[in-house]
Amino acid sequence: LHLSDNVIRPLGSSVPGRDAAPVPKDFSEIMGEKLPSGLYYLMLQGVISHKLPQALAKGEWTDKSQPLVDTKEFRHLLTELQEYRQLALGLIARHLHSTFQTKTIVCKAYWEQQPARQGLKNQDRLPPEAGVMVPTIANCLQWQITREAVEAEMRRQG
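**Concerning the nonpolar core**
- Core analysis: the largest hydrophobic core is formed by 15 residues, its most contacted members being L56, W61, L89, L96 and I105.
- Among the secondary structure elements, those contributing two or more residues to this core are α3 (51–58), α5 (82–93) and β2 (105–109).
- Here this core takes four residues from α3, the largest share from any one element.
- Sequence-distant contacts of L56, defined by excluding residues within four places in its chain, comprise L89, I92, A93, L96, F100, K103, I105 and P135.

Set out below in structure tokens:
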């Protein structure tokens, strides 16, 4: 990230006296789709983790951290986290382009030996046992709370 220009470029692309290096056509398949600059700013400031935007860009969520003792309870925990991950991805994706909101993300755990990669254009090439998730766009609390909404909530609570 070149903060002075507020753009993201490959290293060495802004050397004075040289033309900018062309970006390869398959760059998005290798590195993932381009995310808005504001998202990179939030990552640089430490507001959000790099894992969520990385999963949205690459279409791949990888759990590489293996515990000291591998148990079925820990593996079950990682699979149970999928719902929370979908909600977290949805909280970011709702502010991005619509392609990120419906993007299929392949989930890989440390115990799975899946050669599948999400950068593929053809989803039919994924193995049947591949874990797949899509960001969940949930209805969240609105910042503008009306009198009618408060009264409806008061009636709901009794």
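After that view of the structure, there is still more to cover.
**Some details on the confidence of the model for the protein chain**
- For the protein chain, per-residue confidence averages 77 on the pLDDT scale, and 72% of positions sit at 70 or higher.
- Mean pLDDT values for the elements of the protein chain range from 71 in helix α1 (residues 27–31) up to 90 in helix α7 (residues 147–157).
- Below a pLDDT of 50 lies the segment residues 118–122, which in the model reaches eleven contacts outside its immediate sequence neighbourhood of four places, other chains included.

Each value, and the rule that gives it
Residues numbered from 1 in each chain as written. Predicted model: local features only at pLDDT ≥ 70, side-chain atom pairs only at ≥ 80, totals over all residues. Heavy atoms only, no water. Core = buried A, V, L, I, M, F, W, Y, C linked by side-chain atoms within 4.5 Å. Buried < 20%, exposed > 50% of the residue type's maximum accessible area, 1.4 Å probe, protein only. Helix = DSSP H or I, 4+ residues; strand = E, 2+ residues; numbered from the N terminus. Contact = heavy atoms within 4.5 Å. pLDDT = per-residue confidence, 0-100.

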